[in-house]
Amino acid sequence: MSSRISFKSRIAGYLYLVADEIWDILETMLSLVPTGFGCMVRGLFVGFLAKGGHVPYIRRNCHIFRPWKMKIGKNISLGRFSSINAVGGIEFGDNVRVGPGVMISTLNHRFENKKVPIVKQGAKYGKVVIGSDVWVGGNASIMAGINIGEGAVIAAGAVVTHHVEAYTVVAGVPARKIKTRL
Ligand SMILES: CC(C)(COP(=O)(O)OP(=O)(O)OC[C@H]1O[C@@H](n2cnc3c(N)ncnc32)[C@H](O)[C@@H]1OP(=O)(O)O)[C@@H](O)C(=O)NCCC(=O)NCCS
């Protein structure tokens, strides 16, 4: 029984690997397409693979790992050089703006056991949920499992380690509330 399960999961692992490689080739080629037209073409592919039925606007060199694990609202834009790892799931509401160089992570490597190399300890996954009308400033980082409430603003360079309340502005490392949107 257990060997059948492990055989199945090994096959699933290989299939994921193949899907990841195919997406990597496609994403690299799509990244070469300049202008707003390129942003829309990349969006068409990502929108087709993601859930939600909407087409995001994706600037050049924005890297998305496993776009099929995302759910996308309408009128989303993702900035240049952003690195979006959707392995643990990401949900975007409507009208979200993600600035350049933003990192969204949905996994943490386990490291509890110092006698085992970190790379062999597996990972913990946490879905990131970004509400509607959120603006994520450039070079911000959003950690696994974080919920960002509707209308929130994440300042440039913030490292978000706690949930963010709706209509608040957070900044700094770690990100703290600096004001409320009036
Ligand atoms: C968050 C932001 C919108 C705040 O703008 P604001 O409402 O005008 O706020 P203020 O400039 O009045 O700043 C309020 C306080 O927060 C601090 N602050 C503002 N932005 C900060 C940031 N990115 N990191 C740390 N602290 C910040 C200010 O120093 C100020 O602190 P003080 O009261 O001790 O002086 C803006 O600073 C920002 O980060 N914008 C992102 C820009 C960006 O990434 N653009 C890319 C295009 S998408």
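As the structure is a prediction and not an experimental result, all values here were calculated from the model. (Residues numbered from 1 in each chain as written. Predicted model: local features only at pLDDT ≥ 70, side-chain atom pairs only at ≥ 80, totals over all residues.)

## A word on the overall build of the protein
Counting its secondary structure elements, the protein contains two helices and 18 strands. For 182 residues, the compact-globule estimate of 2.2 N^0.38 gives 16 Å, and the protein sits close to it at 17 Å. The principal-axis extent of the C-alpha atoms belonging to the protein is close to 60 × 40 × 25 Å. Put simply, of all contacts in the protein between residues at least 6 apart along the chain, 19% involve residues at least 24 apart. (Helix = DSSP H or I, 4+ residues; strand = E, 2+ residues; numbered from the N terminus. Rg over C-alpha atoms; globule rule 2.2 N^0.38 Å. Contact = placed C-beta atoms within 7 Å.)

## A short note on the sheet that holds strand 2 (residues 63-65)
With parallel pairing, the five strands of this open sheet are ordered in space as 2-5-8-13-16. Edge positions in the sheet fall to strand 2 and strand 16 (159-160), since each of these pairs with one other strand and no more. Bridge count for strand 13 (residues 141-142) against strand 16 is two bridges, and the pairing is parallel. Across the sheet, residue Ser141 finds its bridge partner in strand 16, namely Val159. (Pairing = 2+ DSSP bridges.)

## Digging into helix 2 (residues 35-49)
When the terminal C-alpha atoms of helix 2 are compared, their 22 Å separation across 15 residues agrees well with the 21 Å that a helix rising 1.5 Å per residue should span. Of all the residues in helix 2, the buried ones are Cys39, Arg42, Gly43, Val46 and Gly47. One side of helix 2 carries all its buried residues, which in axial view fall inside an arc of 135 degrees. Away from its buried face, by an angle of more than 90 degrees, helix 2 presents the exposed residues Thr35, Phe37 and Phe48. (Expected span 1.5 Å × (residues − 1). Buried ≥ 20, exposed ≤ 12 C-beta atoms within 10 Å, placed from the backbone. Arc of directions from axis to C-beta.)

## Concerning the site of the ligand
Arg97, Gly99, Gly137, Gly138, Val153, Ala155, Ala156, Gly157, Val169, Ala171, Gly172 and Ile178 make up every residue found near the ligand. Across the shell around the ligand, the residue classes break down as six nonpolar, five polar and one charged. (Near = placed C-beta within 6 Å. Nonpolar A, V, L, I, M, F, W, Y, C, P; charged D, E, K, R; others polar.)

## Details of the sheet that holds strand 18 (residues 176-180)
Pairing is mixed across the open sheet formed by seven strands, whose spatial order is 1-4-7-12-15-17-18. Of all strands in the sheet, those bounded by a partner on one side alone are strand 1 (57-58) and strand 18. Bridge count between strand 1 and strand 4 (residues 77-78): two bridges; the pairing is parallel. Bridge pairing in strand 4 links Tyr57 to Ser77.

## Thoughts on the pairing of strand 18
For strand 18, the tally of buried residues reaches only zero of five residues, placing the bulk of the element at the surface. For strand 17 (residues 168-171) and strand 18, the ladder comprises four bridges, and the chain directions are antiparallel. Residue Ala171 lies in a different strand from strand 18, and its bridge partner there is Arg176. Here strand 17 folds back onto strand 18, and the loop between the two strands holds four residues, one of which, Gly172, carries a positive phi near 95 degrees.

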